[in-house]
Amino acid sequence: MLLNTLAATSRSLPYFRGKQRLLNALTPRKGLRTATVFGLPMLLDLSEYIQREVFLGYYEHRETVIVRSLLTNGSVFVDVGANIGWYTALAASIVGTTGKVLSFEPSPHAYKLLSQTVVGASNVMVFNIGLSDHEGVLRLFVPPETYGNHDPSMVEYCAGMTPITVPVKRLGQLLEELDVPTVDVMKIDVEAHEPEVFAGCEEFLRSGRIRNIFCEFNDLLLRQRGSSSRELLAYLRALGYRPEDAPASFDDTLVNVLLSFGG
C-alpha cells in the first residue's frame with residue numbers, strides 16, 4: 001500500500017533530477033502492481049523495465065511532454081507499437097469525446113494488457129495486429145523474460161527470441177476503411193520496422209494527411225536489417241517532413257524525433 005501511494009504521488013509530480021534513482025532504490029524489482037495512468041488503470045509488472053518506469057512515473061518524460069503539446073480536444077492520434085498503452089492513455093485523456101485514438105499492438109501479451117486498460121475509454125480503438133507495407137502475416141520475435149523487457153520486433157535482435165506469426169495490414173488502407181481523413185499525431189516505435197509501416201501509408205504521408213510523426217530511430221536495429229537512421233530520415237524528408245529535434249549524428253543511437261509536415 002505504501003509503495004502504491006508513493007508511486008501515485010510520484011506520477012502526479014513534475015519530473016525532477018534524481019527522481020529515477022530515488023524511486024528505484026525504494027521499489028522492489030518484481031511483482032505486479034495496479035496504477036492509474038492518465039486516468040486509466042494499468043496492471044504493471046515491476047520486473048519489466050518499461051512497466052516499472054510507467055509505475056514509478058518517469059517513463060519517457062521528454063517524449064511525453066512533446067506528444068502532450070501536439071494534442072488537443074478533437075485530435076486524432078495513432079499509436080503504432082502501443083505496447084501496454086502509455087501514449088494511448090495519454091492521448092485518450094486529452095482528445096476528448098470528439099477525438100479519436102487508434103492503437104496498434106501485434107504482441108498478444110502486450111495487447112491483452114492494453115485492451116484491459118482502455119475498456120472504459122470510448123475514444124480508443126485497439127487492434128491486435130502489426131502494420132507493414134502489405135496485408136498478410138509476418139514473424140514477430142518475442143524476447144525471453146530474462147532479457148528485461150517484453151519489446152517484440154520483426155527483427156531478431158537478441159538470443160533466445162521466440163518467433164510467433166501475427167497478422168499485418170497497411171495503415172493507409174485501415175485509415176480509409178475507418179473513414180479517418182487526417183491524423184494529427186502518429187507515434188511509431190516498432191523496433192526498426194518503421195520503413196515498412198511508412199510504405200504502407202505513403203499516400204497519407206505524401207499529402208500531409210499525417211501532420212506530425214513522433215518516431216523512434218533505432219540505428220543499431222535498422223543497420224541490422226540493412227538500413228540506417230540516416231536513410232529513414234532522408235526518406236521522410238523526401239516525403240515533406242521536417243525534423244524538429246534530430247541529433248547531429250544518428251550513428252549507433254536510439255532516439256525519438258518529432259517530424260512535422262511542411263515548413
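J.: If you had to explain the nonpolar core to someone new, which residues and values would you point to?
T.: If you look at the biggest cluster of nonpolar residues, it comprises 42 residues, and the most contacted ones within it are Met 186, Ile 213 and Phe 217. The element contributing the most residues to this core is strand β10 (residues 210-218), with four residues. Sequence-distant contacts of Ile 213, that is, excluding residues within four places in its chain, are made with Met 186, Ile 188, Phe 198, Leu 205, Leu 236, Tyr 241, Val 257, Leu 258 and Leu 259. Grouped together as the second largest cluster of nonpolar side chains are 35 residues, Ile 66, Trp 86, Ile 94 and Ala 121 included.

J.: Run through the packing of helix α4 (residues 61-70) against helix α5 (residues 86-95), naming residues and quoting values.
T.: Remark: α4 packs on α5, axes separated minimally by 10 Å, with the N-to-C direction vectors making an angle of 35°. The handedness of the crossing between α4 and α5 comes out as right-handed. On α5, the residues that touch Glu 63, Thr 64, Val 67 and Arg 68 of α4 are Trp 86, Tyr 87, Leu 90 and Ile 94. Looking at the contact of α4 with α5 residue by residue, the classes come out as five nonpolar, one polar and two charged.

J.: Any details on the pairing of strand β8 (residues 162-169)? Residues and values, ideally.
T.: Taken together, the two bridges between strand β6 (residues 130-131) and β8 define a ladder with parallel strand orientation. Bridge pairing links Leu 131 to Lys 169 in β8. The sheet contact formed by strand β7 (residues 136-142) and β8 spans seven bridges and is antiparallel. Within β8, the position partnered with Val 137 by the bridge is Pro 167.

J.: Can you lay out the pattern of salt bridges for me, pointing to particular residues and giving the numbers?
T.: A complete count under the given rule lists ten salt bridges for this structure. For Asp 219, the salt bridge goes to Arg 223, with nearest N and O atoms at 2.6 Å. Here Asp 219 pairs with Arg 223, and both are found in helix α10 (residues 219-224), just four residues apart, close to one helical turn. Residue classification places Asp 219 among the buried residues on the basis of a relative accessible area of 1%. By relative accessible area, Arg 223 is classed as partly exposed at 42%. Salt bridges sharing partners connect three or more residues here, namely Arg 62, Glu 63 and Asp 245.

J.: Outline the pairing of strand β12 (residues 254-261), supporting the account with residue identities and numerical values.
T.: By the criterion of burial, β12 is predominantly enclosed, with six of the eight residues buried. Relative to β12, β10 runs antiparallel, the two being bridged by seven bridges. Of the residues in β12, the one forming a bridge with Asn 218 is Leu 254.

J.: I'd like a rundown of the sheet that holds β6, residues and numbers included.
T.: Spatially, the three strands line up as an open sheet ordered β6-β8-β7, and their pairing is mixed. The strands lining the two open edges of the sheet, one partner per strand, are β6 and β7.

Thresholds, definitions, all that
Residues numbered from 1 in each chain as written. Predicted model: local features only at pLDDT ≥ 70, side-chain atom pairs only at ≥ 80, totals over all residues. Heavy atoms only, no water. Core = buried A, V, L, I, M, F, W, Y, C linked by side-chain atoms within 4.5 Å. Buried < 20%, exposed > 50% of the residue type's maximum accessible area, 1.4 Å probe, protein only. Helix = DSSP H or I, 4+ residues; strand = E, 2+ residues; numbered from the N terminus. Contact = heavy atoms within 4.5 Å. Axes fitted to C-alpha atoms, helices over the stretch in contact; angles between N-to-C directions. Left-handed = near helix turned anticlockwise from the far one by under 90°. Nonpolar A, V, L, I, M, F, W, Y, C, P; charged D, E, K, R; others polar. Pairing = 2+ DSSP bridges. Salt bridge = Lys/Arg side-chain N within 4 Å of Asp/Glu carboxyl O.

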